[in-house]
Amino acid sequence: MGCGHKDDKASLASSQIAPFSHQPHQPPSAPASKEVWKKGGRMFSILLAVHLALLACTLVSSGAFEKIAVHDYDVFFLLTVMMLIVIVWIIFYLMGTSRCPDAILCRDSHAGPIWLRGGLILFAIFSLVMDVFKIGYYSSFYSCLSAIKIIYPIVQAIFVVVQTYFLWVSAKDCVHVHLNVTRCGLMLTLTTNLAVWMSAVTDESVHKAHSKLKKNVTDELFRWLLKAGMRSSSAEECNCNSQICQIFKNGYFWLYPFNIEYSLFASAMVYVMWKNVGRFIDHHSHHIHRLKFRLFRRTFFVGIVLGLIVLVSGLGVLILYEVQVNSSPEFSKKSQALTMYYIFNIVCLGLMSLVCIGGSVIYRFDKRDMDRHKNPTRTLDVALLMGAALGQYAISYYSIVAIVASTPRDAISALNLTYALLMIAQHTFQNIFVIEGLHRQPPKEDHKHSSHQKDLYGLTFVNINAVSLRVPDSGSTLSASTASASETIHPSDLVRSLTAPKKMNWRRKFLREISMFLLLSNIILWIMPAFGARPQFDNDTELNFYGDSMWPAIVDICLPFGIFYRMHAVASLLEVYIMS
């Protein structure tokens, strides 16, 4: 296996030798043509990704309806082929970069931070458990299913293992060999993850729609509705009467949120790798900050305690909501559950909005400089925060229009309106706080100070009186340079410089408390809709206003983006916490 195209290596060598050579006849158009071809290679890989994404989206959306002659095993066949191709390409990439010493000339220190890779591994573990449940579920009645239904989770498990290892070891790579093949391979990987995400979201939405419909109608009417127009998976037509089969079925549907987040996390990391293909990093301007994650040091514990209170309270509200709404058909218990859910979220969102405003005010007094260096990871973080928030914005505005235009208005409608308005405000204020925190320079280490303080630190173990004796009089015979340097050293300055690093700026402390509180609050706001607490389907105001077909479609399209926003905000807030 070669180490890349010769013209790439020649251009790289010429760019490195050029500053030391004295050949004036080098054509000036070479860098411009190289930049044009770089954009051309990116454009080709983008076109490949767009066509594959449209094909996958067409099949996935068509497979969700009964009247369209596209079945779920057709979708699984396409995804299986795409994952197998990605697995082969990843093996090719790992072997090619390991055998070529000049494949990776530099690494992006901002790409693939340890907390992002750790989260990826956590979601990968739950995704593997989900695949095991899927294999067990489909194996319970393999005689009446297509073989692809069992092959798909097996291939997906292998894909998750291979891709997780690939992103763990190669997330920071700036590749300089096989540039066009690498760009196309990374875009294929990104498209495959997005296709798996679309399939999981669609499967989960259809399953929840079936569960809600089956709870409200009889079994005979449910079978008739499935034949009339709603898509049922081929497994629905088989008998799943055993207890172990039901455990497998319910288990893998409960694990879908982790697989959905895994696909999105992997897509974000792959995109950063694609941006870094062929990139040269200037180490003089690309500062590497080795920050230590100190969770229980230099903190008042206020943010952690309040965040844990919100987290535990939210888990209790989620359990009660699931029991009263999904297990009891009584309207009174459903109304109580919705009231409890809205009150908790109104209090939580109100606190988060106030905290974000306070953090933004504190940033106005922060003396740290803004980080204006090129950073694809930070650019992607900001784009994902702004883009994913649009999903929740859309749901909130649809709810506001429905509540204001509907009559009569009751207490639940007033709570729902307040909830929608606070959701918009909280997303806006949190985005401002997080984006400003991501663009701040990290604090300097305690041992890094000005040149004058460094001279003082050299005298740490010197007696204070001895230092005062070293200050020369006017008639000293010391050299001028030594005298000028020692005249600025006084015992009071030395004591002040030795005690200063032990104190932490109050602004940094408050920012860390705010970041930790927001982090824990976003975790519970991710858990609640991801695991079934979705009042958009249980509140009749929007359903009656928009209809039983339009409103579920709006929620099914926008809610996955809102759920992803929460988890991505957790990762961004963790970075803000460490940078504070």
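Residues numbered from 1 in each chain as written. Predicted model: local features only at pLDDT ≥ 70, side-chain atom pairs only at ≥ 80, totals over all residues. Heavy atoms only, no water.

Labelled according to an unreviewed UniProt entry, the protein appears under the name OTOP2 protein, originating from Zapornia atra. UniProt, in its Subcellular location (unreviewed entry) section for the protein, records the words "Cell membrane". Of the comments in the UniProt record for the protein, the one headed Sequence similarities (unreviewed entry) reads "Belongs to the otopetrin family." (UniProt positions renumbered as here; feature names shortened; annotations may be inferred.)

Chemist: An account of the overall build of the protein is requested, with residue identities and associated values reported.
Modeler: The helix and strand inventory of the protein stands at 21 helices and two strands. Here the protein holds 580 residues, and the buried ones make up 49% of them. Restricting to contacts in the protein with at least 6 residues of sequence separation, those with at least 24 account for 88%. In the form shown here, the protein has an accessible surface area of approximately 28900 Å², with 66% of it arising from carbon and sulfur atoms. (Helix = DSSP H or I, 4+ residues; strand = E, 2+ residues; numbered from the N terminus. Buried < 20%, exposed > 50% of the residue type's maximum accessible area, 1.4 Å probe, protein only. Contact = heavy atoms within 4.5 Å. Areas by Shrake-Rupley, 256 points an atom, 1.4 Å probe, with all protein chains shown as cover.)

Chemist: Requested: an account of the confidence of the model for the protein, with residues and values cited.
Modeler: Per-residue pLDDT for the protein has a mean of 76; in total, 72% of the residues score no lower than 70. Averaged over each element, pLDDT in the protein is lowest for helix α15 (residues 464–469) (41) and highest for helix α5 (residues 148–170) (93). Confidence drops under pLDDT 50 across residues 224–231; counting only partners more than four residues distant or on other chains, this segment forms 24 contacts. (pLDDT = per-residue confidence, 0-100.)

Chemist: Talk me through the nonpolar core; I want residue IDs and the actual numbers.
Modeler: Counting residues in each nonpolar core, the largest one holds 135 residues, and the members touching the most others are Y137, F166, L167, L186, F433, L518 and W526. No other element matches the 16 residues that helix α21 (residues 550–579) contributes to this core. When residues of this core are assigned to domains, at least three fall in each of domain 1 (38–218 + 240–283) and domain 2 (293–442 + 505–579). Once residues within four sequence positions are removed from consideration, L167 is found in contact with R117, L120, A266, M269, V270 and M273. (Core = buried A, V, L, I, M, F, W, Y, C linked by side-chain atoms within 4.5 Å. Domains from an automatic or database assignment.)

Chemist: Got a sec to walk through the pattern of salt bridges? Specific residues and values, please.
Modeler: Throughout the structure, instances matching the rule amount to two salt bridges. Two residues, E436 and R364, come together in a salt bridge whose shortest N-O distance is 2.3 Å. Separated by 72 residues along the polypeptide, E436 in helix α13 (residues 411–438) and R364 in helix α11 (residues 331–364) bring together distant segments of the chain. Residue classification places E436 among the buried positions, given a relative accessible area of 10%. A relative accessible area of 56% means that R364 is categorised as exposed. (Salt bridge = Lys/Arg side-chain N within 4 Å of Asp/Glu carboxyl O.)

Chemist: How would you explain the packing of α5 against helix α9 (residues 256–275) if you had to name every residue and give the values?
Modeler: Contact geometry for α5 and α9: axes closest at 11 Å, N-to-C directions at 40 degrees. Regarding the angle of α5 to α9, the classification is oblique. With respect to the hand of their crossing, α5 and α9 are arranged in left-handed fashion. Taking contact as the criterion, the partners of Q156, V160, Q163, T164, F166, L167 and S170 in α5 are, on α9, N259, Y262, A266, M269, V270 and M273. (Axes fitted to C-alpha atoms, helices over the stretch in contact; angles between N-to-C directions. Parallel < 35°, antiparallel > 145°, perpendicular 65-115°, else oblique. Left-handed = near helix turned anticlockwise from the far one by under 90°.)

Chemist: Before we move on, could you go through the side chain of S521 and cite the residues and values that matter?
Modeler: Looking at the secondary structure, you find S521 in helix α18 (residues 506–530). A distance of 2.8 Å separates a polar side-chain atom of S521 from the backbone oxygen of F517. (Polar contact = N/O pair within 3.5 Å; in protein donor to acceptor, adjacent residues only side chain to side chain.)

Chemist: Explain the packing of aromatic side chains to me, and be specific about the residues and the numbers.
Modeler: Each pair of aromatic rings is reported with the distance of its centres and the angle of its planes. Overall, the coordinates contain 29 aromatic pairs when judged by the stated rule. With centroids separated by 5.6 Å and ring planes inclined at 90 degrees, the aromatic side chains of F133 and F248 adopt a geometry described as edge-to-face. Residue F133 is found in helix α4 (residues 114–139), and its partner F248 is found in helix α8 (residues 243–254); the two are separated by 115 residues along the sequence. Residue classification places F133 among the partly exposed residues on the basis of a relative accessible area of 21%. Measuring from centroid to centroid gives 4.8 Å for F545 and Y546, while their planes differ by 85 degrees, and the two rings are edge-to-face. Cluster of aromatic residues (ring-pair linked, three or more members): F123, F126, W254, F258, F265, W526 and F531. Here the guanidinium or amino end of R117 rests over the ring plane of W168, the centre of that ring lying 4.6 Å away. The ring of Y577 has R512 lying over it, and the distance from NZ or CZ to the ring centre is 4.4 Å. (Phe/Tyr/Trp six-rings, centres within 6.5 Å; stacked < 30°, edge-to-face > 60°. Lys NZ or Arg CZ within 6 Å of the ring centre and 35° of its normal.)

Chemist: I'd like to hear about unusual backbone geometry, residue by residue, with values.
Modeler: At H178, a residue that is not glycine, the phi angle is positive and equals roughly 50 degrees. You can see H178 is positioned in the loop between β2 (173–175) and α6 (179–216).

Chemist: Account for the packing of helix α12 (residues 376–405) against α21, with residues named and values stated.
Modeler: Where α12 contacts α21, the axes come no closer than 7 Å and their chain directions differ by 140 degrees. One element, α12, and the other, α21, form an angle in the oblique class. The handedness of the crossing between α12 and α21 comes out as left-handed.

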